[in-house]
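A closer look at the structure
One-letter residues, chain by chain:
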Amino acid sequence: MAQKQPNFLILMADQLTPGALPAYGHQVTKAPNIDALAETGVVFDSAYCNSPLCAPSRYSFMAGQLPSRIGAFDNAAEFAASIPTFAHYLRRAGYRTVLSGKMHFCGADQLHGFEERLTTDIYPADFGWTPDWERPLDRPSWYHNMSSVIQAGPCVRSNQLDFDDEVVFTARRKIFDLARSERDRPFCLVVSLTHPHDPYAITEEYWNRYEDAAIDMPRVAFSPDRLDPHSRRLRHVYDIDRTPLSERQIRNARRRSARRWARPGSPTTRSSSSSPITARCSASAASGTR
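Everything numeric in this text was worked out from a predicted model, so none of it was measured.

Procedures and definitions
- Residues numbered from 1 in each chain as written.
- Predicted model: local features only at pLDDT ≥ 70, side-chain atom pairs only at ≥ 80, totals over all residues.
- Heavy atoms only, no water.
- Helix = DSSP H or I, 4+ residues; strand = E, 2+ residues; numbered from the N terminus.
- Rg over C-alpha atoms; globule rule 2.2 N^0.38 Å.
- Buried < 20%, exposed > 50% of the residue type's maximum accessible area, 1.4 Å probe, protein only.
- Contact = heavy atoms within 4.5 Å.
- Areas by Shrake-Rupley, 256 points an atom, 1.4 Å probe, with all protein chains shown as cover.
- Lys, Arg positive; Asp, Glu negative; His and termini not counted.
- Charge placed at Lys NZ, Arg CZ, Asp CG, Glu CD.
- Expected span 1.5 Å × (residues − 1).
- Salt bridge = Lys/Arg side-chain N within 4 Å of Asp/Glu carboxyl O.
- Pairing = 2+ DSSP bridges.
- Axes fitted to C-alpha atoms, helices over the stretch in contact; angles between N-to-C directions.
- Core = buried A, V, L, I, M, F, W, Y, C linked by side-chain atoms within 4.5 Å.

Summing up its helical and strand segments, the protein has nine helices and eight strands in all. In terms of overall size, the protein behaves like a compact globule, its C-alpha atoms giving a radius of gyration of 20 Å where 290 residues would be expected to give roughly 19 Å. Taking the principal axes of its C-alpha atoms as reference, the protein extends roughly 65 × 45 × 35 Å. Looking at the protein as a whole, 42% of its 290 residues qualify as buried. Counting contacts in the protein only where the partners sit at least 6 residues apart, residues at least 24 apart contribute 73% of the total. Accessible area of the protein: about 16,700 Å², with a carbon and sulfur share of 53%. A gap of 4 Å separates the mean positions of the 36 positive and 32 negative side-chain charges of the protein.

Here you go:
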């Protein structure tokens, strides 16, 4: 009898750095579900995405190729439909491939090998976010600014919360549908959330899990003389140098994103391309393996 193929459930968060998680040593963040996954699965200590930028990172994840190889240079680069992805390969191997949530595909192809997509995307699929690299100091009107930090705090609802609720709901419903299906066909379901990406707004339930005193301030002093040209440009276009911040505003932003930031200067701080990865499989290595 042929061996039954395993199912794959891939859960993705946006802008979640490993050093901000208890499984990687953080002492403030509360992440019981990720802790449970880490305790019963395998934790990867040296995993990196190939770009710290949203769309190029996802294209590289899907294609298994460097962003430079597939022309993924910014958040408006087209992900060509001719590029094979792991979803194509799995579908060819007999898998049902399903996507729920954010993937930031730019261009006409919004599937890229997925047989079914359960939600729309939270970001545009057109090329409106193309930067003018010949005028690098011009600030695009659609670019991030410091409002996410200044306005950080509790909220009732947000577009991002609504989106993630839909992503989780449709994914859970799909899993139940697959369990009821009589087809003997394995599946790969990718569930991609937009949080903890800014804006730094969250409901009272999660906001109240932390106290101000528990949220530490940055420990590394800013030194403009040590910035490379690209970093100086980024600070200019998101207006940080013209936006004075109070200690309260900084603490609020860090409190909202306690699951995202490590304490600067501590041994758990990672680069922007470092990614937390935990894996669990019924036939995997022993629980808690790193």
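Attention now moves to helix α6 (residues 159-180). Helix length check: α6 (22 residues) gives 32 Å between terminal C-alpha atoms against 32 Å at 1.5 Å per residue, within 8%. Regarding α6, the residues found buried are Gln160, Leu161, Phe163, Asp164, Val167, Thr170, Ala171, Lys174 and Leu178.

What follows concerns the pattern of salt bridges. Counting across every chain of the model gives 15 salt bridges. Notably, a salt bridge pairs arginine 180 with aspartate 177, separated by 2.7 Å at the nearest N-O pair. Separated by three residues within a single helix, arginine 180 and aspartate 177 lie in helix α6, roughly one turn from each other. Residue arginine 180 is classed as exposed on the basis of its relative accessible area, which comes to 60%. Judged by its relative accessible area of 35%, aspartate 177 falls in the partly exposed class. A salt bridge links aspartate 212 to arginine 248; its shortest N-O distance comes to 2.4 Å. Here the residue aspartate 212 occupies a position in the loop between α7 (204-207) and α8 (229-237), and arginine 248 occupies one in helix α9 (residues 247-256), the gap between them amounting to 36 residues. Overall, the relative accessible area of 23% leaves aspartate 212 in the partly exposed class. Ionic contacts of the salt-bridge type, sharing partners, join the residues Asp14, Arg58 and Lys102 into one network.

A few words on the sheet that holds strand β1 (residues 8-12). Spatial strand order, β1-β6-β3-β4: four strands in an open sheet with parallel pairing. Of all strands in the sheet, those bounded by a partner on one side alone are β1 and β4 (116-117). Examined bridge by bridge, β1 and strand β6 (residues 187-192) share five bridges and lie parallel to one another. Bridge pairing links leucine 11 to valine 191 in β6. Running over the sheet, α6 touches β3 (96-101), β4 and β6 and is turned about 155 degrees from β3.

A word on the nonpolar core. Counting residues in hydrophobic clusters, the biggest one holds 20 residues, and the most contacted among them are Tyr59, Met62, Phe79, Phe105, Phe114 and Val190. Secondary structure elements with two or more residues in this core: α2 (54-63), α4 (86-92) and β6. Broken down by element, this core gets its largest block of residues, four residues, from α2. Setting aside residues up to four positions removed in sequence, valine 190 forms contacts with Ile10, Met12, Phe86, Val98, Leu99, Ser100, Met103 and Phe114. Within the second largest apolar cluster, eleven residues are counted, among which are Tyr123, Phe163, Leu178 and Val191.

Proline 196 follows histidine 195 through a cis peptide bond whose omega is 5 degrees. Looking at where proline 196 falls in the secondary structure, it is placed in the loop between β6 and β7 (201-202). Across the junction of aspartate 198 and proline 199, the peptide omega takes the value 15 degrees, indicating a cis bond. You can see proline 199 is positioned in the loop between β6 and β7. At histidine 104, a position not held by glycine, the phi torsion is positive, near 55 degrees. Examined against the element boundaries, histidine 104 turns out to sit in the loop between β3 and β4. Positive phi is not limited to glycine here, since aspartate 239 has a value of about 70 degrees. Here aspartate 239 shows up in the loop between α8 and α9. Look at aspartate 239 and you get buried, because its relative accessible area is 19%.

This paragraph deals with α9. Counting buried positions along α9 gives seven out of ten residues, so the element sits mostly inside the fold. Of the residues making up α9, those classed as buried are Gln249, Arg251, Asn252, Ala253, Arg254, Arg255 and Arg256. The inward-facing, buried residues of α9 abut α5 (147-150), β7 and α7.

We now examine the pairing of β6. Most of β6 sits out of view: six of its six residues are buried. Alternating positions in β6 separate into two faces, Phe187, Leu189 and Val191 on one and Cys188, Val190 and Ser192 on the other, with burial throughout.

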